[in-house]
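If you want the building blocks of each chain, they are given just below.
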Amino acid sequence: VVIAAGGADYINRLTMSLCSDQLADENTLPEALAGVDIVVVPVLLGANYKVMDTTSAWRNAAPGEKDRNFESTRADEVIAFPEGDLWNEYLKSDVETAQGQGFDVLDKGITITVKKNGRILRRATGLPPFGDFVGVMEVADGSRFGMPGDSEKYGGP
């Protein structure tokens, strides 16, 4: 699970990274993330660092001049929007830590990568490095190297 939290501009950039084609390339990130079982939880933070209506911000994101073929539902299979007040409590210490280190959480955003066992793998600022996640997970689960049984799951010889 990748939790990506930040202000409105950060959420807009995150939305574009998953839901629009960039320059001349077709965006295949949502398919690649689904292929390695990654779920992204975008979290919109307000000026008081409290969780806001992320779903509306995601659905109403505004593409820039380099964003082509924007469709806010393109990444729905790998997106889980936050619900409930527990997200404020969950994110509080990470937001405070990032602020204490001089990061602008609303503008730059924070990314928390959570392993399947619930432990935190990585904390960082900025947009999630989706390409790195896909590459690492392909190596970790053996799909890049043709582990036994992968032919049925991934196709191939």
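Let us look at the structure shown here. A quick note: this is a predicted structure, and the numbers were derived from the prediction, not measured. (Residues numbered from 1 in each chain as written. Predicted model: local features only at pLDDT ≥ 70, side-chain atom pairs only at ≥ 80, totals over all residues. Heavy atoms only, no water.)

### Some thoughts on the nonpolar core
Link 1 in the chain: Ranked by internal contacts, the top residues of the largest apolar core, which has 19 residues, are Leu-18, Leu-33, Ile-38, Val-40, Trp-58, Ile-79 and Phe-130.
Link 2 in the chain: Of all elements in the fold, only strand 1 (2–6), helix 1 (8–19), strand 3 (40–44) and helix 6 (130–140) reach the threshold of two or more residues within this core.
Link 3 in the chain: A per-element tally of this core places helix 1 first, with five residues.
Link 4 in the chain: Ignoring any residue separated from it by four or fewer positions in sequence, one finds Phe-130 in contact with Leu-14, Ser-17, Leu-18, Leu-29, Leu-33 and Val-40. (Core = buried A, V, L, I, M, F, W, Y, C linked by side-chain atoms within 4.5 Å. Buried < 20%, exposed > 50% of the residue type's maximum accessible area, 1.4 Å probe, protein only. Helix = DSSP H or I, 4+ residues; strand = E, 2+ residues; numbered from the N terminus. Contact = heavy atoms within 4.5 Å.)

### Brief notes about the side chain of Asp-94
Link 1 in the chain: Here Asp-94 lies in helix 4 (residues 86–100).
Link 2 in the chain: At 2.3 Å, the side chain of Asp-94 forms a polar contact with the side chain of Arg-123.
Link 3 in the chain: Setting aside anything within four residues of it in sequence, one finds Asp-94 in contact with Ile-110, Ile-112 and Arg-123. (Polar contact = N/O pair within 3.5 Å; in protein donor to acceptor, adjacent residues only side chain to side chain.)

### Examining the side chain of Thr-54
Link 1 in the chain: Assignment of secondary structure puts Thr-54 in helix 3 (residues 54–59).
Link 2 in the chain: Discounting chain neighbours no more than four positions away, the residues touching Thr-54 are Pro-42, Val-43, Leu-44, Phe-81 and Pro-82.

### Some words on the layout of surface pockets
Taking a probe equal in size to a water molecule and rolling it over the atoms shows the remaining empty space.
Link 1 in the chain: In this structure, the second largest pocket spans a volume of roughly 160 Å³.
Link 2 in the chain: Among the secondary structure elements, those contributing two or more residues to the lining of the second largest pocket are helix 4, strand 5 (110–114) and strand 6 (120–125).
Link 3 in the chain: Classifying every residue of the lining of the second largest pocket by side-chain character gives five nonpolar, four polar and two charged. (1 Å grid on protein atoms, 1.4 Å probe; cavity = no way out; pocket = protein on both sides within 12 Å on 5 of 7 lines; lining within 4 Å. Points joined across faces, edges and corners; volume = space filled by probe spheres on them. Nonpolar A, V, L, I, M, F, W, Y, C, P; charged D, E, K, R; others polar.)

### Examining the sheet that holds strand 1
Link 1 in the chain: Strand order in the open sheet made by the four strands is 3-1-5-6, with mixed pairing throughout. One side of each edge strand has no neighbouring strand; the edge strands of this open sheet are strand 3 and strand 6. Across the sheet, the axes of successive neighbouring strands diverge by a mean angle of 15°, strand direction being ignored.
Link 2 in the chain: Sheet topology places strand 1 next to strand 3; five bridges connect them, and they run parallel. Its bridge partner being in strand 3, Ala-4 is matched across the sheet by Pro-42. (Pairing = 2+ DSSP bridges. Axes fitted to C-alpha atoms, helices over the stretch in contact; angles between N-to-C directions.)

### Observations concerning the pattern of salt bridges
Link 1 in the chain: Under the definition given, this model contains three salt bridges.
Link 2 in the chain: Residue Arg-123 pairs with Asp-94 through a salt bridge whose shortest N-O separation is 2.3 Å. Of the two residues, Arg-123 is situated in strand 6 and Asp-94 in helix 4; the sequence distance between them amounts to 29 residues.
Link 3 in the chain: For Arg-123, a relative accessible area of 52% puts it in the exposed group.
Link 4 in the chain: Here Asp-94 falls in the buried class, since its relative accessible area comes to 11%. (Salt bridge = Lys/Arg side-chain N within 4 Å of Asp/Glu carboxyl O.)

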